Amino acid sequence: MRHPNFVRRIFAAAMLAVFGFSAVIARPLPPTALFQQDDKKQKLPPVNWIRSRKIDVKHLDIDIRFDWDKEQAMGSTIVTFAPFEDTDKFTLDAAEMTIDSVTLSPAGAKLAFAYDDKSIQDNLEIRLDRVYKAGEDVSVKIDYATHHVNTASDANLIQSFGSGLRFVKPTKDDPRHPRQIWSQGESEFNRYWFPSYDSPNDFRTTDLKATVGKDFYVVSNGKLMSVKDNSDGTHTFDWRMDQPYANYLTSVAVLQTTPVTMDFDGIPVYGFGYKGEEKEVAATTKNLPATIRFFSEITGVKYQYPQYAQSFVADFPGGMENITATTQQEEMIHDERELLDQDSESLQSHELGHQWFGDYVTCRDWGQIWLNESFATYMQMMWTEKFKGHDSFLYDDVRDNHNQVINTWNNGYRRPIVTKYYADKDALFDTYAYPAGGSVLHMLRKHLGDKLFFASLHKYLVDNAHQPVSTEDLRIAIEETTGQSMDWFFDEWLYRMGHPIFDVTQSYDEAKKQLTLNVKQVQKIDLNNEYPQTEFFQSYVDVEIDNRIERVWLKPQAENVFTFNAATKPKLVNFDYESTLLKEMKFDKSVDDLIYQAKNDKDVLGRRWAMAELGQKANGADRARIVAALMDDAEHDPFFRLRRGALSEIAIIFSPDPPPGQQRPAAKLDANVEAAVIRMTKDPASVVRGDAIELLGETQDKKFADIALAGLADQSYEVIDQSALALGRIKDPRAFEALSKLAATSSWRDRIRIAALNGLAWLGDKRALDIGLKAATDMDLSPLARAYGANLVAEVGAGDQRAFDVIADRVKQAADRNDTRELFEDLDSIRRLADPRGQQIFDSLKTKFKANAQVLQQITALETAFKQALKP
């Protein structure tokens, strides 16, 4: 499962500027038991042992149909199981259901049962017709109807994927919304739509039959056995998965679709997108068969299943790796122009990687979730390396993962990657389960070498195929493959928390022709946290000295001293070449050394580190030299990510972000910087062109208006976004006409219109109010375009009755469907309109959400800002 952060930049930036928090939260917020940031001793959360089983479930036969109006599934599930001990009763998990009857199957004899509808686990107790011996198979049929409704409150209030079945339908405020049904089982939510043993430490096979209207297609797990036409105008899809797997991976998706079909060695590969979007689905997913082949090759385990499908659905905040049938968010699909700027290879390969790690083998309990998510993260990283190259792998994945983990740690949320101590299993799908564990797997690969690493993964998969696993299963597979003891590695990186913080100094002895590196580990034990912690780390470290790489062993102690032969004083010393270790590091170097490294280091991360270090020294006496060096890197580095990175350092120097709540002043560029940035508006990479235009726009200088106007015709949506924004900031007299014309341009998912509405909001021309009002209320536009229209209304509509009415109506609609993301955005619009009638809205919302502390806190913060805006 993955929660990508598709941030709406206007609103996120506005909320951060005013309140210091983002309007869009991508991941579930950890409960306070896991997320204490005060100075008090953080006690361990409660321990969670692996759930005990009294029965071994062998097979489920699910047969359901749907009531769209009641948002309900009705039907039956036959559970075939064997008890571990002689028994005449057993229990299942069945949440929020009406149980109509329980019978033996196929005999049909009625069985007594007791159902506790206030509980969700072991809450359906069934009395069997006799005592069944340990290991004796028995089948029981449960007829039932579901009552759980997975609404927007699930997807937004608790910032999760929701639970059970989600019915997606057109609404008054979104009449273009598709008609779909999709399920979400992870972590333990399938109990909301079929009775089962709903924990990951039991594997079973399935048959799933789903009856739907003629216009719909059903996607589920395994192989489609048949589609039967019924006399009532419906048809029944029969899916069979005959390889055992964990309960939460069972899924159903009911769609109106025309599938895009591909092939991997005779195995069908499907993309189930929206009708009319077949071209875009094909363009977005065209590399999927190659990814399947790559994963089959590196694991030595060929894709095991009869098909692989991706279903693209609405109201889904990421991807979910249901076995053979991944569910993906609709935002994953791009047209050819959008693919110039971005792709979905990361999300697509992450979910595919789960078919090996997470589905073929599955974590035995949720405290071991890294065995699913970290492996899928690293499979995705290795696909990036294969598909986009080693530099992209290092920059986009290794570096980004490290940054995420370090930021999370420094913000006070800290835990080991593997733990039995947690208050909420769903909060474990966090930074430590994804980028931290992915970073550990990369360190493991570098420690073992590719040959032993991939051989170890192969043994781990083959030895544990179709079974639940624990971290010790992985360690044993590695040790049996390599002969190496790995308990120290698992202990310091997985069972304990922390990362090294290095203070590195270098010296050169001309007489001895010797380079000395003094490496101190200066991290401290967090005395306010009771989780086990690593005091000092041990590891191989690669050291780059000019054009050679030497490997040293870092001992687990406070200080290590390394010496290297060097005929002359090295021009470049890079400790931890390619940044293998998850770490923080201080390594003081001269400006000359940093300029040389930024230009000459063959390690892309070494070059980027040097650029950042130069940026931090740019306010001193060497400013001119540093700026010149960074601009040269921005124009000429062979890797476009580093050209963009160097430009970002220039932007920080000349146009730093203002403090929260303050407006960005006009940037003042030196003449040489200005000339270079203008040249960069012609860079081959669209994202670099866009960043260059953005920086020119931040000068607010009308002499750059022609560049921004020309950018509106670029094929890249990113360049159009930044060009429209630049025009709004520059406020050239031609901007209103150009942006108004752009706002009437149709494009993929309103991308161009959204850019225009954003530019008009920055322009602040009150003539744009009618454009904003039309966009905010036009039901033929996408919800995101209407949101940008509302943002424009808030920027230019103060004092106009129509503006307040439109925003107030959006607030009501968002509150009615518990869509807190949109609610916070629209409340910020109320703040900007500064209409005293807004107080009634805040009063009403505080009453509505008084029982939800998290939502109430943000509403109160917005109210405080609103009251401040009312003051003269």
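Residues numbered from 1 in each chain as written. Predicted model: local features only at pLDDT ≥ 70, side-chain atom pairs only at ≥ 80, totals over all residues. Heavy atoms only, no water.

A.B. asks: Any chance you could break down the side chain of T211 for me, citing the residues and the numbers?
C.D. replies: Its location among the elements puts T211 in strand β10 (residues 203-213). For T211, the contacting residues outside a window of four places in its chain are I64, R65, F66, N230, T234, H235 and T236. (Helix = DSSP H or I, 4+ residues; strand = E, 2+ residues; numbered from the N terminus. Contact = heavy atoms within 4.5 Å.)

A.B. asks: Can you break down the sheet that holds strand β6 (residues 124-132) residue by residue, with the values?
C.D. replies: Strand pairing in a sheet relies on backbone hydrogen bonds, with the paired strands running either antiparallel or parallel. Taking strand neighbours across the sheet as the criterion, the three strands line up as β3-β6-β5 in an open arrangement whose pairing is antiparallel. One side of each edge strand has no neighbouring strand; the edge strands of this open sheet are β3 (87-92) and β5 (113-115). Going across the sheet, the axis of each strand differs from the next one's by a mean of 20°, ignoring polarity. Here three bridges tie β5 to β6, and the two strands are oriented antiparallel to one another. For A114, the partnering residue across the bridge sits in β6 and is E125. (Pairing = 2+ DSSP bridges. Axes fitted to C-alpha atoms, helices over the stretch in contact; angles between N-to-C directions.)

A.B. asks: Help me get a handle on the environment of F90, residues and values and all.
C.D. replies: You can see F90 is positioned in strand β3. With a relative accessible area of 5%, F90 lands in the buried category. Setting aside chain neighbours within four positions, we find F90 in contact with I55, F81, L124, E125, I126, L128 and V140. (Buried < 20%, exposed > 50% of the residue type's maximum accessible area, 1.4 Å probe, protein only.)

A.B. asks: Now, about the sheet that holds strand β8 (residues 164-168): what can you tell me, with residues and values included?
C.D. replies: Taken together, four strands build an open sheet; the order of strands is β8-β9-β14-β11 and the sheet is antiparallel. Each edge of the open sheet carries a strand with a single partner, namely β8 and β11 (217-219). Across this sheet, the average inter-strand angle for adjacent strands is 20°, counted without regard to direction. Taken together, the five bridges between β8 and strand β9 (residues 180-184) define a ladder with antiparallel strand orientation. Paired with R166 across the bridge in β9 is W182.

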